[in-house]
Amino acid sequence: MNDTLHLAENLVYKRPKTLINVAMHYCPGCGHSTTHKILCEVIDELNIQSEVIGVAPVGCSVIAYDYLNIDMQEAAHGRASAVATGIKRVLPEKLVFSYQGDGDLAAIGTAETLHTCNRGENILIIFINNAIYGMTGGQMAPTTLENMKSTTTPFGRNVRKMGYPIKMTDLVATLPGTYYVTRQSVHTPANVRKTKAAIKKAFEYQRLDRGTCFIEVVSNCPSNWKMTPVDSNKWLVENMLPFYSLGDLKVPSKEEN
Amino acid sequence: MLEEIIIAGFGGQGVLSMGQILCYSGIMENKEVSWMPSYGPEMRGGTANCITIISDEKISSPIIAKFDTVIALNQPSVDKFENAVKPNGVFLYDSTNVIKPPTRTDIKIYKLEASNEALKMKNTKILNMIMLGAFLKIRPIIKLENIIAGLKKVLPERYHNLLPLNEQALKKGMELVN
Amino acid sequence: MGELKLMKGNEAIAEAAIRAGADAYFGYPITPQSEVLEYLANEAEKRTGMVILQAESEVAAINMVYGAGGTGKKVMTTSSSPGISLMQEGLSYIACAEIPCLLVNVVRGGPGLGTIQPGQSDYLQATKGGGHGDYKLLVLAPNSIQEMVDFVKEGFDLAFKYRNPVLILTDGVLGQMMEKVELFDQIPRSKEIPSWATVGKPPNRERNILTSLNLQPELMEKHNEHLQAKYREIEKNEIRVETINCEGADYIFTSFGLTSRICIKAAQLAKEKGIKIGIIRPITVYPFPYETYAKYADKVKGFFDVEMNAGQMLEDVKLGVLGKAPIKFHGRMGGMVPTPDEVFHVFEEKFLGGKE
């Protein structure tokens, strides 16, 4: 075996250049950190740091700008896709993404999300779904599963009273404005690689002016689910994935690529 | 010169464009102008009106309650604005469809069978031009050639073939005033 | 001399926006100002390449303004009262993140859905903040279509000078009426990128972040102090007021926007009866010209404030006059517009008739 190859194989982690070297405020085991890292890896690999503008609205990731070394705008709760629309419309040659949680994107920002996708805004929406409000301390989210406990559904979500968990990704896939819609996760290294590949593809599609790319990342919330990180990933597999099944919901037809 | 006018009638009778033509023409004579339409649901089938002010001096209020001239094109407008004419002011109306005429004696009342005249000229849409012609005969505040130039501005280009007919209507209105 | 045109107020705003070199407009239809979006949809893109987008709501529109404004472009929106209420959240964020932008409120009578007829009942919302937190918009109150045109251009300049949202506070009459306007020549769209703009981080500068958040109260207070210092600077530099015949006047009529013109006509009626009336018209309603009132407070027999609301600017007039002269108020609400005769009559009744 060749020496160089040997070294490369042992290099298991390298901080992406675009990821700022500070301690994150995210809880141990939270999917945000991983998603940030692969987003930065994609930015590095595509060499697009000077072209990317990110939007992070209210939620755990509201201060994502403390970690991502790119130009960013913080947005009001639910409004990220409208803000991203504004940026993209005046700077169509730049690469714009929003990074939103499930409370933000699927409750207070539903109108903005659907209309942005329906207009086919040429942006990337990254949707972190952990079925709970993390930043405010574990309240029910629109995506909270049936019978799942939260601080505002202490006896479990009664769907007759509190509504059903909403599958935003399935909804936006039905809209003609979306180009690439996929649901991924970051709970295993294999899934991390798939999510990263999806993000990379989405930026490449944006470069080709193809319309809205929408990537849901089914994620966890060890703190508010009140579990260890390992248990939370196990719970995710047993409870989240059967309902929020992974895979592509809308992919470009072969001729288009 | 300061002429404060209100023009009122049904939506579709050309009430608003009469005021606009006066304003466009006024600008050509370097006058100050102001045009304030009634707006909202009234526009749809109900009554419409516009306050039009032409002046040599800067115009203060575009909203006024008393007028030098009222031009009324239907019965509701006659009823509503008879008392809005200043003493000695002008009240000009289309009498074709008015069964209850104005009765004030301290104003100058002019009645015109304008709708009937328009029918005779085979185009009911020129009713407003007949009325405008009559007004200009009574109150010659703007030259006819400038009114025609103003008309060109208000009328979309695809209707410019109708300019001669409109000019005839203006002259007809002038003739009808005695 | 610029091009002379007869224009409706709303169309004049739109035309002025194109000529001012605006880069983008985001809006949502609402009476009585929908002509702005309609005019821009027809004209703007083909003439200057300006971006025009009809948003799904006023909430979305103001956040699009936030995003696009954050790239350093000249961005604007227009709406009318209920729509402006919906924008208050976004405006608070915009003010805090110091994103320059231009807004126009073609006010209609409220509260609630109210009416589509004109009003001035958004004065307090416009001048005292409007949304949550300590912030100010710079507010211009035109009283003619000519000023609407001029203020669009100047509004953009002020917005960029102070990195602050600027609001043109007008009303349904000024939006719908037509007057002669002199249009300024086309200003090319700017290619300049302000240093703070989020346009993609080049290798040779630190990343730009536009945010209204700071979780550390010590730092958030510092930012508030910075904003307040800016507002004091605006108060020092940008007050605009029109006074007419105030020297030697018996009484002063005061009013902003459309009603100031109704007052000017009412003052003419008073003059015919031998009463000398001066006019104070605040052109900027924030910053407010308190000192102009103070200057005449001990020289006149009284102030007569006329507004299309229940007495909103009246609070500022009182702060200017500081009890040195009597102040009477006449307000119409719900979309009603006072006439000059009515204003004079009420003035006579309140000051000369010995009533009240």
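Residues numbered from 1 in each chain as written. Chains lettered and ligands numbered in written order. Predicted model: local features only at pLDDT ≥ 70, side-chain atom pairs only at ≥ 80, totals over all residues.

Trainee: When you look at the overall build of chain C in this model, what are you seeing that I'm missing?
Mentor: The number of helices and strands found in chain C is 12 helices and 15 strands. For 356 residues, the compact-globule estimate of 2.2 N^0.38 gives 21 Å, and chain C sits close to it at 21 Å. In chain C, which comprises 356 residues, the share counted as buried stands at 57%. Within chain C, contacts between residues separated by at least 24 positions form 79% of all contacts whose residues are at least 6 apart in sequence. (Helix = DSSP H or I, 4+ residues; strand = E, 2+ residues; numbered from the N terminus. Rg over C-alpha atoms; globule rule 2.2 N^0.38 Å. Buried ≥ 20, exposed ≤ 12 C-beta atoms within 10 Å, placed from the backbone. Contact = placed C-beta atoms within 7 Å.)

Trainee: How do you make sense of the overall build of chain B when you look at a structure like this?
Mentor: Within chain B, the secondary structure is distributed over 6 helices and 6 strands. In chain B, the order of α-helices and β-strands from amino to carboxyl end is β-α-β-β-β-α-β-β-α-α-α-α. Taken over C-alpha atoms, the radius of gyration comes to 15 Å for chain B, in line with the 16 Å a tight globule of 178 residues would show. Its C-alpha atoms give chain B principal-axis dimensions of about 40 × 40 × 35 Å.

Trainee: I'm lost on the interface of chain A and chain C in this one. Help?
Mentor: One frequent convention defines the size of an interface as the accessible area lost when the parts assemble. Taken together, the 31 residues of chain A in the interface contact 33 residues of chain C. Elements represented by at least two residues in the side of chain A that touches chain C include exactly β1 (52-57), β2 (71-75), α3 (80-90) and α5 (110-119) of chain A. With 8 residues, the single largest contributor to the side of chain A that touches chain C is α3 of chain A. Across the side of chain A that touches chain C, the residue classes break down as 17 nonpolar, 7 polar and 7 charged. Of the pairings in the sheet, the one linking β2 of chain A to strand β9 (residues 209-210) of chain C comprises 2 bridges and is parallel in character. The partner of Q73 of chain A across the bridge, within β9 of chain C, is L210 of chain C. (Nonpolar A, V, L, I, M, F, W, Y, C, P; charged D, E, K, R; others polar. Pairing = 2+ DSSP bridges.)

Trainee: Any chance you could explain the packing of α3 of chain A against helix α3 (residues 58-69) of chain C here in plain terms?
Mentor: The description of two packed helices rests on the angle between their axes and on the distance between the axes. It is the contact of α3 of chain A with α3 of chain C, at a shortest axis distance of 6 Å, that shows an interaxial angle of 50 degrees. Taken together, the axes of α3 of chain A and α3 of chain C lie oblique to each other. The chirality of how α3 of chain A crosses α3 of chain C is right-handed. For the pair formed by α3 of chain A and α3 of chain C, the contact residues are A82, V83, A84, T85, G86, I87, R89 and V90 of chain A on the first element and A60, N63, M64, V65, Y66, G67 and A68 of chain C on the second. A class-by-class count of the residues in the contact of α3 of chain A with α3 of chain C yields 10 nonpolar, 4 polar and 1 charged. (Axes fitted to C-alpha atoms, helices over the stretch in contact; angles between N-to-C directions. Parallel < 35°, antiparallel > 145°, perpendicular 65-115°, else oblique. Left-handed = near helix turned anticlockwise from the far one by under 90°.)

Trainee: Got a minute to help me understand the arrangement of the chains in this structure?
Mentor: In this assembly, 2 pairs of chains are in contact, and the pair contributing the most contacts is chains A and C. Taking C-alpha atoms as the reference, chain A and chain B come no closer than 29 Å and do not contact one another.

Trainee: Explain the sheet that holds strand β14 (residues 302-307) of chain C to me, please; I cannot follow it from the model alone.
Mentor: Sheet strands pair by backbone hydrogen bonding; their relative direction is either parallel or antiparallel. All names here are of chain C. Strand order in the open sheet made by the 5 strands is β10-β12-β11-β14-β15, with mixed pairing throughout. Edge strands, defined here as strands with exactly one partner in the open sheet, are β10 (241-244) and β15 (327-331). This sheet shows a mean twist of 20 degrees between the axes of neighbouring strands, independent of strand direction. Against the sheet, helix α9 (residues 258-272) engages β10, β11 (251-254), β12 (277-282) and β14, with an angle of about 175 degrees to β12.

Trainee: Is there a simple way to explain the sheet that holds strand β6 (residues 138-140) of chain C in this structure?
Mentor: All names here are of chain C. Pairing within the open sheet is mixed, and its 7 strands lie in the order β3-β2-β4-β5-β7-β6-β13. Each edge of the open sheet is held by one strand with a lone partner, namely β3 (51-54) and β13 (284-286). Ignoring which end each strand starts from, the neighbouring axes of this sheet average 20 degrees apart. Pairing between strand β2 (residues 24-27) and strand β4 (residues 75-79): 2 bridges, direction parallel.

Trainee: Looking at this structure, how should I read the nonpolar core?
Mentor: For soluble globular proteins, the rule of thumb is that nonpolar side chains tend to be buried together. Ranked by internal contacts, the top residues of the largest apolar core, which has 235 residues, are I130 and M131 of chain B together with A17, V139, V152, F253 and V285 of chain C. Looking at this core, you find at least three residues from each of domain 1 (3-237) and domain 2 (241-352) of chain C. Apart from residues lying up to four places away in sequence, A17 of chain C is in contact with A22, Y25, L40, M76 and V152 of chain C. (Core = buried A, V, L, I, M, F, W, Y, C linked by C-beta atoms within 7 Å. Domains from an automatic or database assignment.)

Trainee: Would you explain unusual backbone geometry in this entry?
Mentor: The phi torsion of most residues other than glycine is negative, and most of the peptide bonds are trans. All names here are of chain C. Note that the residue after T31, namely P32, is joined by a cis bond; omega there is 5 degrees. Structurally, P32 can be placed in the loop between β2 and α2 (34-48). Here Y286 and P287 are connected by a cis peptide whose omega angle stands at 0 degrees. As for its placement among the helices and strands, P287 is situated in the loop between β13 and α10 (290-297). Of note in the backbone geometry, N245 takes a positive phi value of approximately 55 degrees without being a glycine. Summarising the element assignment, N245 is placed in the loop between β10 and β11. On the basis of neighbour count, N245 is assigned to the partly exposed category, with 14 C-beta atoms found within 10 Å.

Trainee: Explanation requested: the domain arrangement of chain C in the structure shown.
Mentor: All names here are of chain C. Each assigned domain of chain C is listed with its residue range as follows: domain 1 (3-237) and domain 2 (241-352). Summarising the inter-unit geometry, the C-alpha centres of domain 1 and domain 2 are found 28 Å apart. Residue-level contacts link 28 residues of domain 1 with 22 residues of domain 2. At 4 residues, helix α5 (residues 123-127) tops the list of elements feeding residues into the side of domain 1 that touches domain 2. Grouping the constituent residues of the side of domain 1 that touches domain 2 by class yields 14 nonpolar, 10 polar and 4 charged.

Trainee: Help me understand the interface of chain C and chain B in this model?
Mentor: Taken together, the contacts link 21 residues of chain C with 19 residues of chain B. Breaking the side of chain C that touches chain B down by element, the ones donating at least two residues are β1 (3-8), α7 (172-176), β8 (178-183), α9 and α12 (340-352) of chain C. With 5 residues, α9 of chain C is the largest single contributor of residues to the side of chain C that touches chain B. Taken together, the residues that form the side of chain C that touches chain B break down as 11 nonpolar, 5 polar and 5 charged. Examined bridge by bridge, strand β2 (residues 32-37) of chain B and β8 of chain C share 2 bridges and lie antiparallel to one another. Across the sheet, S34 of chain B pairs through a bridge with E179 of chain C, a residue of β8 of chain C.

Trainee: Looking at this structure, how should I read helix α1 (residues 15-28) of chain B?
Mentor: Working note: α-helix, 3.6 residues per turn, so residues spaced by three or four point in the same direction. Residue and element names in this part refer to chain B. Helix length check: α1, at 14 residues, gives a terminal C-alpha distance of 21 Å against a target of 20 Å (1.5 Å per residue), a fit within 8%. Taken residue by residue, α1 has V15, L16, M18, G19, Q20, I21, L22, C23, Y24, S25, G26 and I27 as its buried positions. Positive backbone phi, at 60 degrees, marks N30, one or two positions downstream of α1. (Expected span 1.5 Å × (residues − 1).)

Trainee: I keep staring at the confidence of the model for chain C and nothing clicks. Help me out?
Mentor: Segments scoring low in pLDDT should not have their predicted coordinates read at a detailed level. Residues at a pLDDT of 70 or more form 99% of chain C, whose mean pLDDT is 97. This complex was scored by the predictor with a pTM of 0.95 and an ipTM of 0.95. (pLDDT = per-residue confidence, 0-100.)

Trainee: How do you make sense of the pairing of strand β1 (residues 2-10) of chain B when you look at a structure like this?
Mentor: Strand residues, when the strand is regular, have side chains that alternate between the two faces of the sheet. Residue and element names in this part refer to chain B. With 7 of its 9 residues buried, β1 lies for the most part within the structure. Sheet analysis places β1 next to strand β3 (residues 47-55), joined by 9 bridges and oriented antiparallel. Note that in β3 the partner of G9 across the bridge is A48. The pairing of β1 with strand β4 (residues 67-72) spans 4 bridges and is parallel.

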